[in-house]
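Structural characterization, general
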Amino acid sequence: MEISFRKQIEQLRLGEGEEFHGEGILAITKALLQSGVSYIGGYQGAPVSHLLDVMVQARALVAELGVHVEACSNEASAAAMLGASIHYPVRGAVTWKSIVGTNVAADALANLASPGVTGGVLMVIGEDYGEGASVVQERTHAYAMKSTMLLFDPRPELPVMVKMVEHAFALSEASNMPAMMELRIRACHVRGSFICKDNRRPAVSALSPLPEPAKFNYAKLAHPPVTFGHEKRKVEERLPAARQYILDHGLNECHAGHYPQVGIIVQGGLCSALLRSLQQFGLADVFGQSAVPLLVLNVTYPLVPEQIAQFARDKEAVLVLEEGSPEYIELEIAATLRREACGTQLHGKDLLPATGEFTPEVIMRGLLTFFARHLPAVNCHQVQAMMDAARDRREQLAATLDAALPARPPGFCIGCPERPVFSALKLAQQDVGPVHIAADIGCHSFATFEPFSFGHSILGYGMSLASRAGVSPLMQRRVLSVMGDGGFWHNGLLTGVQSALFNGDDAVLLIFKNGYTSATGTQDIISTPDAFVKAQSADKLASLTASNHTIEKTLAGLGVQWLRVVHAYRVSAMRDVLKEALTTEFSGLKVIIAEGECQLERQRRVRPWLASLRAAGQRVVRVKYGVDEDVCNGDHACIRLSGCPTLSLKDNPDPLKLDPVATVLEGCVGCGLCGENAHAATLCPSFYRAEIIQNPRWHERLLHGLRQSAMRWLQAA
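Please read all numbers here as calculations on a predicted model, not as lab measurements.

1. Some words on the confidence of the model for the protein chain
Chain-level pLDDT for the protein chain is 91 on average; 97% of the residues reach the 70-or-more range. A low-confidence stretch, residues 532-545 stays under pLDDT 50, and its non-local contacts, those more than four residues away or across chains, total 34 contacts.

Okay, structure coming up:
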């Protein structure tokens, strides 16, 4: 089961005049319903996963409005949904994660933006950018410019964000341009409140369907020869209409300030960080009023040239705060000022970093130089002293931590079914030799870190099998491709499996079948188990599983002849199958399915069930693994082979031995990997398996008492 959003869903029912309290992404979700959206789709991914997760779980609520909700197989299918708004006056919204999702959706977006839309459409994009990002460092802005789409970057305050959602639909309809709204991580999770409006039942919906399809109109197709006309309309009609709407409705905010000789143009999403930075100079108050003139760009594409020129005119200098590279906004502003013959000095990336996230500290560094040059009346000494002190503290802390803390790379969850597979791969390579491994996006990418360090490339979600096509013919040994079941359905089936079969490639594919798209929040997929058979007693925990053979049937139907399904936790069996796949005489696609349910989802299901059994007084058995300290020889091969966070070290209790011994911490979930590794790799026999029985039966209590008595007698003897 997925995380429940029951409380959040209740807030979606709030009506006119009621106050919403919550996170930014949930406010956006509420704003969609207030805007009369007819259909919603998307693909999960941080930081906007909540939007789709909430909508999927709120199907009963949205069904009352006639809103259709679709969990799409990838971002391209989500973008293609927006085609409904080309002909019809219906509003649609989709969501996905930042640039990686936009890359996947690019073809559909280009063909949507060419004919333009009749009903308003909005794409909510989680802009995951900066040092803490989990994706490649690129920006959505390039796609807005390339395909001539609106791009919103709202100031991260809930009333502003909600207002911009409503205007995004209206502006999309006024200009016939698709709209994108990028939300940084902080904007998605910022907390606040706003006054709600009633949810709007759309005029066209599942409850009020269209009586007839639209008449055929070739001009609405993204197809030659009409595409040239589309391009002209983008420039001659749509962009002017969009710019006029932005001006008429004041979507970009202009603050006059008290220092007319300078100004700052800032992306809306960076406005809070800028105001916090200005507060340190005494140039802004806690209510967000700035003494420096500001132009806050809640719409970053298209810019309005006359608005830019009017703001910059008669100023000595203007600073552009634009996060990321290339500096699209700064370059466009520079061109505008040149055309307007405006002599204002323009600063941006010359004073601020070209890459990385713009935190208040980063912004303050740029402001120090900007004010020193163009606003000398501002006392910067206090801020400079604060920055120097912060730098010194960081250097001291870094020196201390470098000496005190060991490296701690990211890793799999405790009990993750993917860890034993990579342990088996380590053992298999001892026999067959080093293997080129095409890695993929997903939880399994943690294997690129120690102690495994597996993976030569990551080129896109579900793209691992396709990415080895150029490598396989050049290698003396077979190449191994790794992907999860989420990646398999997202892209891997067609770009990888179908292509390999069509070309007759001698390839090896390892699919992790854990039942969910775990890396994005354990959302359900087509191969998620439908139902779980619960055992009558907890000592039959193995029966708490359910199988779904959609992947196997799909592969067989597509023509895969060499297919093996192995339980992920069986290290010896997995090692043998990997060796067989890498050395067999069979020439063609070989697929290994490692079957093991995501441990997070398993624990979410199992723990409440076991707690209910204990509360009811029923017998419950919990497996615990441990290390016999007298047997452990201290070579720690078990840790190097596993990397499990609960397999750690502690001081050797034997005063004659210096090496620390291995120990199993309390967080252990009893997956048994440590014992499996010890057996498969022929390690020291120091691991033991114990069963902890709660609410034991009468004969078990009696037997335990007899054993305790015997042990006391032997100890006394």
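Moving on from the model shown.
2. As for empty space enclosed by the protein
The full count for this structure, using the stated rule, is 5 cavities of 30 Å³ or more. The calculated volume of the largest cavity comes to roughly 110 Å³. Among the residues forming the lining of the largest cavity, the class breakdown is 9 nonpolar, 4 polar and no charged. If you trace the second largest cavity, you find 15 residues lining it, with Gly 442, Cys 443, Gly 484, Gly 486 and Ser 518 closest to the centre. Where the lining of the second largest cavity is concerned, the elements lending two or more residues are helix H19 (485-503) and strand S18 (516-517). A per-element tally of the lining of the second largest cavity places H19 first, with 3 residues.

3. A look at the pairing of strand S21 (residues 590-595)
With 5 of 6 residues buried, S21 lies mostly within the body of the structure. As defined by bridge partners, strand S17 (residues 508-513) adjoins S21 across 6 bridges and the pair is classed as parallel. Bridging from a neighbouring strand, Leu 509 pairs with Val 591 of S21. Crossover strand S20 (residues 562-567) to S21 through helix H21 (residues 571-583) is right-handed.

4. Observations regarding the layout of surface pockets
Here the second largest pocket defines a volume of roughly 1000 Å³. Lining the second largest pocket are 42 residues, with Lys 97, Ser 134, Val 135, Ile 441 and Gly 442 sitting closest to its centre. Counting residues per element, the lining of the second largest pocket draws most heavily on helix H7 (residues 98-113), at 4 residues.

5. Concerning the packing of aromatic side chains
Inspection of the entire model under this criterion finds 14 aromatic pairs. With centroids separated by 6.1 Å and ring planes inclined at 40°, the aromatic side chains of Phe 422 and Phe 454 adopt a geometry described as tilted. With Phe 422 in helix H17 (residues 419-432) and Phe 454 in the loop between strand S15 (437-438) and helix H18 (464-467), this pair connects stretches of sequence that are 32 residues apart. Here Phe 422 matches Phe 454 in class, with each residue buried. Feature note: the residues Phe 412, Phe 422, Phe 446, Phe 449, Phe 452, Phe 454 and Phe 512 constitute an aromatic cluster, connected by ring pairs. Across the ring face of Trp 562, the terminal group of Arg 564 is positioned such that the distance to the ring centre comes to 4.0 Å.

6. As for the pattern of salt bridges
Under the criterion given, the structure shown has 30 salt bridges. For Asp 153, the salt bridge identified is with Arg 184, shortest N-O distance 2.8 Å. With Asp 153 in the loop between strand S6 (150-152) and helix H9 (158-175) and Arg 184 in strand S7 (residues 179-184), this residue pair connects regions lying 31 residues apart in the sequence. With respect to burial, Asp 153 and Arg 184 carry one shared label: buried. A salt bridge links Glu 601 to Arg 604; the nearest nitrogen and oxygen atoms lie 2.4 Å apart. Of the two residues, Glu 601 and Arg 604 are both situated in helix H22 (residues 599-615); the distance of 3 residues between them amounts to about one turn of the helix. Classification of Glu 601 as buried rests on a relative accessible area of 0%. Linked through salt bridges whose partners overlap, the residues forming this network are Asp 153, Arg 184 and Glu 323.

7. Focus on the environment of Ala 46
Here Ala 46 lies in the loop between strand S2 (39-42) and helix H3 (49-57). Ala 46 sits in the partly exposed class, given a relative accessible area of 43%. As for Ala 46 and Gly 192, which are separated by 146 residues in sequence, their C-alpha atoms are 20 Å apart.

8. A word on the side chain of Lys 349
For Lys 349, the position within the fold is in the loop between strand S14 (345-347) and helix H15 (360-374). Glu 322 is the oppositely charged side chain nearest to the buried, salt-bridge-free Lys 349, at an N-O distance of 5.9 Å. Among the polar contacts listed, one links the side chain of Lys 349 to the backbone oxygen of Pro 353, at a separation of 3.2 Å.

9. Re a nonpolar patch on the surface
On the surface, a cluster of nonpolar side chains totalling about 470 Å² of accessible area is made up of Trp 698, Leu 702, Leu 703 and Leu 706. Inspection of the secondary structure puts Trp 698 in helix H25 (residues 698-716). Judged by its relative accessible area of 67%, Trp 698 is exposed.

10. Side note on the environment of Leu 673
The topology assignment puts Leu 673 in helix H24 (residues 673-680). Residues Leu 673 and Arg 419, 254 residues apart in the sequence, show an inter-C-alpha distance of 8.4 Å. In this structure Leu 673 touches Arg 419, Pro 420, Ser 423, Val 571 and Ser 642, once residues within four positions along its chain are discounted.

11. Some thoughts on the packing of helix H2 (residues 24-34) against H9
At a closest axis distance of 9 Å, the pairing of H2 and H9 adopts a crossing angle of 35°. Classified by chirality, the crossing of H9 by H2 is right-handed. Residue-level inspection shows Gly 24, Ala 27, Ile 28, Ala 31, Leu 32 and Gln 34 of H2 in contact with H9, the latter providing Leu 158, Met 161, Val 162, Val 165, Glu 166 and Phe 169. When the residues that make up the contact of H2 with H9 are grouped by side-chain class, the tally is 9 nonpolar, 2 polar and 1 charged.

12. Details of the state of the cysteines
Formally, a disulfide is one covalent bond, and it connects the sulfur atom of one cysteine to the sulfur atom of another. Taken as a whole, this structure holds 0 disulfides when the rule is applied. Looking at the unpaired Cys 598, the closest cysteine sulfur is the one in Cys 443, lying at 6.6 Å. Of the residues examined, Cys 598 reaches a relative accessible area of 7% and is grouped as buried.

13. Notes on the packing of H9 against helix H11 (residues 226-248)
Taken N-terminus to C-terminus, the directions of H9 and H11 make an angle of 145°; their axes are 8 Å apart at the nearest point. As H9 packs across H11, the resulting crossing turns out to be right-handed. Residues His 167, Ala 170, Leu 171, Ala 174 and Ser 175 of H9 form the contact with H11, whose own contacting residues are Arg 238, Ala 241, Ala 242, Tyr 245 and Ile 246. Its residues assigned to classes, the contact of H9 with H11 shows 7 nonpolar, 2 polar and 1 charged.

14. Looking at the sheet that holds strand S11 (residues 294-297)
Strand order in the open sheet made by the 5 strands is S9-S11-S10-S13-S14, with mixed pairing throughout. Of all the strands in the sheet, just strand S9 (253-255) and S14 have a single pairing partner and so form its edges. Averaged over all pairs of adjacent strands, the angle between strand axes in this sheet comes to 15°, irrespective of strand direction. Note: strand S13 (residues 317-321) against S14, 3 bridges, orientation parallel. Bridge pairing in S14 links Val 318 to Leu 346.

What counts, and where the lines are drawn
Residues numbered from 1 in each chain as written. Predicted model: local features only at pLDDT ≥ 70, side-chain atom pairs only at ≥ 80, totals over all residues. Heavy atoms only, no water. pLDDT = per-residue confidence, 0-100. Contact = heavy atoms within 4.5 Å. 1 Å grid on protein atoms, 1.4 Å probe; cavity = no way out; pocket = protein on both sides within 12 Å on 5 of 7 lines; lining within 4 Å. Points joined across faces, edges and corners; volume = space filled by probe spheres on them. Nonpolar A, V, L, I, M, F, W, Y, C, P; charged D, E, K, R; others polar. Helix = DSSP H or I, 4+ residues; strand = E, 2+ residues; numbered from the N terminus. Buried < 20%, exposed > 50% of the residue type's maximum accessible area, 1.4 Å probe, protein only. Pairing = 2+ DSSP bridges. Right-handed = clockwise from strand over helix to strand, strands pointing away. Phe/Tyr/Trp six-rings, centres within 6.5 Å; stacked < 30°, edge-to-face > 60°. Lys NZ or Arg CZ within 6 Å of the ring centre and 35° of its normal. Salt bridge = Lys/Arg side-chain N within 4 Å of Asp/Glu carboxyl O. Lys, Arg positive; Asp, Glu negative; His and termini not counted. Polar contact = N/O pair within 3.5 Å; in protein donor to acceptor, adjacent residues only side chain to side chain. Patch = residues over 30% accessible without salt bridge, like charges linked within 9 Å, V, L, I, M, F, W, Y side chains within 5 Å. Areas by Shrake-Rupley, 256 points an atom, 1.4 Å probe, with all protein chains shown as cover. Axes fitted to C-alpha atoms, helices over the stretch in contact; angles between N-to-C directions. Left-handed = near helix turned anticlockwise from the far one by under 90°. Disulfide = S-S within 2.5 Å.

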